[in-house]
Amino acid sequence: MRKALILRSVVAFLIGVGSLPSSTCQTYDEFELTPDQAPPAPELVTARNQADSSLLWGTYRPQIYFGMRPRLPESILMGLMWFGVQDYRGYAKPRHECSDQDRLEGYSWKYHDGRTFGIQEIRDVENNYLLETSFLKTLPGKEELLGQGTGLKGGSWGARISGTVLDPQIPAQLTTFWYTALESATGLLGLENEEEEDGIPHSESIKLAGSVSGLGDFEIRIEEPLSESGNSNVEGNQHLGEGRHASDFQDTIGKTHFVGRKLRTDQTWRGKDVIISEINEVLRSTLERYGQENMPAPGLAMTLPDEVASASNFYAIQKTFTGNFTFDIFFDSSTTPRAERLSSSGLTQGLKASRKAFDERFESALPLHSRGYTEKPIEFARELTSSLMGGIGFFSGQGIVDRSFAHEYDVPVGSGELDFERKSEPDPRLTESESLFTATPSRSMFPRGFYWDEGFHLAHIGAFDNDMSLEILESWIRLIDEDGWVGREQILGEEARSRVPKEFQTQYPLYANPPTLIMAVTSFIERLKAKSGLSDAFDASDQQHIFSDSADISDPQVMSQRFLESPALAQSFLRSIYSPLKSHYQWFRRTQRGEIKEWDRHAASRGEAYRWRGRTKDHVLTSGLDDYPRAEVPHTGELHLDLMSWMGSFASTMQKIASALGEEDDAEEFQSHYDGIVANLDDLHWSEENQMYCDASVDKDDQSYHVCRKGYISLFPFLLELVPSDSPRLGSILDLLSDPNELWSDYGIRSLSIKEPLFGQGENYWRGPIWVQMNYMALGALHRKYAAQPGPYQAKARKIYDSLRSNVVRNVQKEYERTGFTWEQYNPTDGRGQRSHPFTGWTSTVALIMAEMY
Ligand SMILES: *[C@@H]1O[C@H](CO)[C@@H](O)[C@H](O)[C@H]1NC(C)=O
C-alpha cells in the first residue's frame, strides 16, 4: 500500500554532481547608493558580510512557536507544529502560530543571545506537556573564515524539541511535526531514505537534502538521541502499541511518518494547513475502514500518509510520543566540514556551555547582580531580554500602500511644497517586494515590524548586542523611500497579512509615526562615547585604528561590539545612514508641518510647529497613542505637542550625528531647528491657565486655543528632555506626574489622569492604562537629566525616580510570575496585566529599568 519513495538518485544528483547552483556568494545586503553617496568603506562591507554570515540563520519566524529560517528572501523555512493525541479532539487544536486561543500558560525564551543559541519553554497545560525548544548554531572560527573568503554563507545548526509530562498522573500523548519548505522556485529539496524494502524509514533518523540560492547545498537530519539505555523514546512508544487495533498498525507504531507535497511557492508558509489536510485524508480512509464506533487509538490513526509527490517542495516529518520525549534537527550546509557537524551529544554539551557563557555575558551587559538583585529578578530580566531577542524576525514580501488617498484636512490648500494629488477614494496597491529584519512587539498579536515600537526594542537589544541593534536599524533605514517616508506598520507578504484585519493593512505615504529610530542612533553614539572616548567628532587619528577583518564570527560577544571597538567602522556606519536619515527628517518637517501665521499665532520661530496627518475624529493612530483624547474635531490648524517634542528630539539627534561626522553646516542648521522648537513649545503649547503643556487647535471663530488633557501627551516635553531643569514649568509637570489623584499609581504612571472625563472611556486603550515604555521614557528623563542636574526640582525628581522605578519593576515582575506573561499594558487601578500577551516588545524595557540603562 505504501509508496516507495527512494529519492536517493535525485539527492545524489543534488549533492554530488555539483552542476546545480552551489553557494552563490552574493550578499543580500547590497548597498543601495544614491547619486550623492560615496560607496561604502571597504571595512564596512567586510564587517557587514561577516555579520551576514553570523546572522544568517535564526528563529526568524517569531510568529510561530518555533521555526527556523535564514535571513534571506525566497529561501527555505521550517517550523514545528503539534497536537495532543489523547483523543481525536486534539487534532482540531493544532499548535503552530502563536495564538491566545491555544491557552498556553506562557511561552518564553529562557535564553536567547540573538545569534548563536536559545532555549524556549512552552507550557501546554491542556496537553499536559512542557515543551522545550532550543537551538545552537555552529559558526566557522577565525581560521576557517580566512580560508573561505568574505562571501561566506551556509552555516550549521542543531535544534532540539523535548517534551516533559507536566502531571505524571494524567496520560500524555503528543504528535509532533517538523516541516521544511522551499520558498524559492529554483531550489531543490528531497527526502533521502535508508533503503528499506517497504520504503518506510526503519531507523528513526531521516534526512532531507537540497540546494537553494544563497545557501548552497545542504542536508537536514532529524534524529532521536540515544540515552544510555538506547533510544529514550522507545519505551513511551510501546504504550502506543497497547491501543485499540494496534495489531493493524504493528509495522508503523512509533515510527516516523512523512509527507512530501508540491506547493505554490507563495503558499509554502501554510505548513499547518497542509499537514492538517493530509491528516484529514488519512482519517477519512480510516473512518471508512473501521467505522465511527470502532476507530483505532488516535495516536495510531492520525498519521501522515508516508507519500512523496513528485517535485515536492514541502516536507513534513511526524513523530508521535507517549510520555517524555526528545528529538533533534540538524542543518548542515555543504561548507561545514563533516567533523564539525553537530551530533545529539554535541548539542547537549553545546547548549549547556552556551547557557553558562550567556549568564556571564548578561551580567556584564545588564549589571543586576552588582545592583543587589537576587537570582529570581535576574532570571526575570534575562527571560525578558531573551524573549525580545526571540521575537526578532525576518520578513519579506509585498506591502500595500495607498499613494493618493488623504483626508481633506490632511493636505492644506495651497500647499505647493507637497508633491501630492489628493483623492478621496481609497486606492491601495501592492508595492515591490521588500525585506525587513526587525524585532516584534508581540508574537501572538503583532508579529511584524512596528516603527514606533522599534526604537524601544533597539534600546534594549543594543544594550546587550550593539551590532545587532545596528543591523536592525540599518534594515529599517533601508525602507526609507526616496521621499524620506517609511510606513509605520510593515506588513510584508501574505503570511504577515494573514494576521492583520483588512482595514489596517494599507499604509499611507503622508502618515508618520513617532520617530523612535533616533533613540537607537542616540544610544549608539552614547555607547561610542563611553567606549572610545568619542567627544564630538571622530578624531582623525582614530582612523589609524585598523579594523580587523578576521573577527571570530562564532563568538557572539565579539560580534556584538565590533562597531564599538573600531571608530573607523563606527564612522562608516554613521556615514552610511546619515543621508537617508536626513531625508527622513526632512520628510517629517515637510509633510507634518503645522500652521502658525495662518491663525495669527505668535511664536519666536516662524517655522517650528507640527501636526500629525491621518487623524480621524476619535483616533490619531499615527501618533502611536491611538485614542488619547485630542481636539474634538480634526482641523488643519491643529498643533500636536507630542509631535513637536519628537521633532525637537529628532533635530537634536541629527545635530549629534552631523557633529560626529564633521558636517558642521548641517549641525548648525539642526541646532537652529532645535532652538526654535524649544522656544515654540512655550509660545505655542504652554497654557498658563492650566499650568501644563497642551495641544492647540482652532475654534469656530478661527481663534487658536489650547486642548489640555492631563496624561502622557502633556508630559512629552519632559519625557524628551526639552524642558530646562530649572524651568518652573518642570515643577508643575512633576506635580502632575506624582499626584495619585492624577497620573501616579503604585504600578507606574497612567496614560490619562483619573480626573479626566474620558478616563477609562471608549476603547480605553490610551485613556488610563499604564504603558511600560512610557514609564521607561519618564525614568530615562529623570535619571539622565532632572534627577541628575542641580536645580530647584532635583530632590523631588530623585524621589519620584526611585519610587517610580521600584513600582514599575515590582508590578511587571509580579504579573509575570502570576500569569506567565509580560503584558501590553497594566491596569491603572490594580496593576493587572491586560490586552496582548506575551508582549515581549517594549514592555521588556523593564529589564533596562532594573539595570538603570536609559
Ligand atoms: C520525565 O521527565 C521528568 C523531568 O526530567 C522526570 O522527572 C520524569 O521522571 C520523566 N518521566 C519518565 C516517565 O521518565
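Below you will find a few notes about this structure. (Residues numbered from 1 in each chain as written. Predicted model: local features only at pLDDT ≥ 70, side-chain atom pairs only at ≥ 80, totals over all residues. Heavy atoms only, no water.)

### Section: the pattern of salt bridges
For the structure shown, the criterion picks out 52 salt bridges. R264 is the salt-bridge partner of D266, the closest N and O atoms lying 2.7 Å from each other. D266 gets classed as partly exposed once you look at its relative accessible area, which sits at 35%. Among the ionic pairs, R429 bridges to D427, the shortest N-O distance being 3.1 Å. According to the relative accessible area criterion, D427 is partly exposed, its value standing at 22%. (Salt bridge = Lys/Arg side-chain N within 4 Å of Asp/Glu carboxyl O. Buried < 20%, exposed > 50% of the residue type's maximum accessible area, 1.4 Å probe, protein only.)

### Notes on the sheet that holds strand β17 (residues 325-333)
In a beta sheet, neighbouring strands pair by backbone hydrogen bonds and run either parallel or antiparallel. Spatially, eight strands are ordered β4-β5-β6-β7-β17-β11-β10-β9 in an open sheet, and the strand pairing comes out antiparallel. The open sheet has two edge strands with one neighbour each: β4 (107-112) and β9 (188-192). Mean inter-strand twist for the sheet, computed between neighbouring axes without regard to direction, equals 15°. Sheet topology note: the strand β5 (residues 117-124)/strand β6 (residues 129-138) ladder contains eight bridges and is antiparallel. (Pairing = 2+ DSSP bridges. Helix = DSSP H or I, 4+ residues; strand = E, 2+ residues; numbered from the N terminus. Axes fitted to C-alpha atoms, helices over the stretch in contact; angles between N-to-C directions.)

### Side note on the nonpolar core
Among the nonpolar cores identified, the biggest contains 197 residues, and W178, L574, Y712, L715 and F718 are the most heavily contacted of them. At eleven residues, the largest contribution of residues to this core is made by helix α16 (residues 641-660). If we ignore the near neighbours within four places in the chain, the residues touching L574 are F524, I525, F538, I657, A660 and L661. Listed in part, the 28 residues of the second largest apolar core include L77, F83, L283 and L300. (Core = buried A, V, L, I, M, F, W, Y, C linked by side-chain atoms within 4.5 Å. Contact = heavy atoms within 4.5 Å.)

### Notes on unusual backbone geometry
With an omega dihedral of -5°, the bond running from H837 to P838 counts as a cis peptide bond. Locating P838 in the fold gives a position in the loop between β30 (833-834) and α22 (846-851). Positive phi, normally seen in glycine, also occurs at N764, with a value near 55°. Structurally, N764 can be placed in the loop between β28 (748-749) and α20 (772-786). Take N764: its relative accessible area is 22%, and that puts it in the partly exposed class. At E852, a position not held by glycine, the phi torsion is positive, near 50°. By the element assignment, E852 lies in the segment after α22.

### Notes on the packing of aromatic side chains
Scanning the model with the defined rule gives 55 aromatic pairs in all. For the ring pair Y60 and F437, a centre distance of 5.3 Å and an interplane angle of 85° mean the geometry is edge-to-face. Note that Y60 is positioned in the loop between β1 (57-58) and β2 (67-70) and F437 in strand β19 (residues 428-438), a separation of 377 residues in sequence. Note on accessibility: Y60 and F437 belong to one class, buried. Taken together, a centroid distance of 5.3 Å and an interplanar angle of 75° make the contact between Y765 and W771 edge-to-face. The two residues Y765 and W771 agree in class, both being buried. Here R71 stacks its cationic end above the ring of F437, 4.5 Å away from the centre of that ring. (Phe/Tyr/Trp six-rings, centres within 6.5 Å; stacked < 30°, edge-to-face > 60°. Lys NZ or Arg CZ within 6 Å of the ring centre and 35° of its normal.)

### Re the sheet that holds strand β15 (residues 307-308)
Taking strand neighbours across the sheet as the criterion, the seven strands line up as β1-β2-β3-β8-β16-β14-β15 in an open arrangement whose pairing is mixed. On the outer flanks of this sheet lie β1 and β15, each paired with one strand and no other. Here helix α5 (residues 271-290) sits on the sheet and contacts β3 (76-84), β8 (173-182), β14 (257-261) and β16 (314-322); the angle it forms with β16, its principal contact strand, is near 65°.

### Notes on α5
The first and last C-alpha atoms of α5 sit 29 Å apart over 20 residues, in line with the 28 Å expected at 1.5 Å per residue. Turning to α5, its buried residues number three or more, namely G271, K272, V274, I275, I276, E278, I279, V282, L283, T286 and Y290. Buried residues belonging to α5 abut β3, β8, β14, α6 (298-301) and β16. With its phi angle positive at about 85°, G291 sits one or two positions after the end of α5. (Expected span 1.5 Å × (residues − 1).)

### Quick notes on the side chain of Q120
Relative to the assigned elements, Q120 resides in strand β5. Judged by relative accessible area, which is 0%, Q120 ranks as buried. Of note is the side chain of Q120, whose polar atom sits 2.9 Å from the backbone oxygen of Y65. (Polar contact = N/O pair within 3.5 Å; in protein donor to acceptor, adjacent residues only side chain to side chain.)

### Regarding the state of the cysteines
All chains considered together, the criterion is met by one disulfide. Each sulfur in the disulfide pair C694 and C708 lies 2.0 Å from the other. Judged by the torsion about the S-S bond (100°), the C694/C708 disulfide is right-handed. Separated by 14 residues along the polypeptide, C694 in the loop between β24 (692-693) and β25 (695-698) and C708 in the loop between β26 (704-707) and α18 (712-719) bring together distant segments of the chain. A relative accessible area of 1% means that C694 is categorised as buried. With relative accessibility at 17%, the residue C708 sits in the buried group. (Disulfide = S-S within 2.5 Å.)

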